[in-house]
Amino acid sequence: MMNYLFAIAIFINPKGKKELYYGESEEIQNRLSNIHADFNYFQNEEQLIAKLKIISETKEYKKIKYTPLMSKSSIIIPHWIYQIYNYNGVYIHYGEKEAVRQAVAIHSKGKQVYGKAYPSKFQMLWQLEYYKIEKENATYIAV
């Protein structure tokens, strides 16, 4: 059997509302061990993000709560998305924290900058998918 590192689980919470957990398979299975849930498993973050995008665009899932889960034992490398605003538009730099900070420091002098940290790559990529819909004319720069 293939080892699936990531998962999405959709379930009904105790308040009777639909909820979605996404992240590391083992952590999700541990949290939902006594709850009936529909699981989807993925080999990598890109597959997980692609499925989240499809789910989020489905009318049925527009208003449900999305919760990312990671194990506490995971090595977390902070990832950042920085947006640089100037007269030419928006430039969005994303990647590991230090690399992004260095790139932004070079390109942001005298410009308005907004940045946000994410505890994992897949959480950053998921947010990036949202930005691509909301800010389709922005320039995206992977660092």
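Residues numbered from 1 in each chain as written. Predicted model: local features only at pLDDT ≥ 70, side-chain atom pairs only at ≥ 80, totals over all residues. Heavy atoms only, no water.

Attention now goes to the overall build of the chain. Along the chain, the regular secondary structure elements total 4 helices and 8 strands. With the principal axes as the frame, the chain shows a C-alpha extent of 55 × 35 × 30 Å. By the burial criterion, 41% of the 143 residues in the chain qualify as buried. Summing over all exposed atoms, the chain offers an accessible surface of approximately 9100 Å²; the carbon and sulfur share of this is 51%. (Helix = DSSP H or I, 4+ residues; strand = E, 2+ residues; numbered from the N terminus. Buried < 20%, exposed > 50% of the residue type's maximum accessible area, 1.4 Å probe, protein only. Areas by Shrake-Rupley, 256 points an atom, 1.4 Å probe, with all protein chains shown as cover.)

Here H79 shows up in strand β5 (residues 79–86). Residues within four places of H79 in sequence aside, it is in contact with G95, E96, K97, K116, A117, Y118, S120, K121 and M124. (Contact = heavy atoms within 4.5 Å.)

Now for the sheet that holds strand β8 (residues 139–142). With respect to topology, 4 strands assemble into an open sheet ordered β7-β5-β6-β8, the strand pairing being mixed. Two strands close off the open sheet at either side, each with one partner strand: β7 (112–118) and β8. Averaged over all neighbouring strand pairs, the angle between strand axes comes to 15°, with direction disregarded. Taken strand by strand, helix α3 (residues 97–107) contacts β5, β6 (89–96) and β7, and its axis lies near 150° from that of β6. (Pairing = 2+ DSSP bridges. Axes fitted to C-alpha atoms, helices over the stretch in contact; angles between N-to-C directions.)

Keep in mind these values describe shape, not function.
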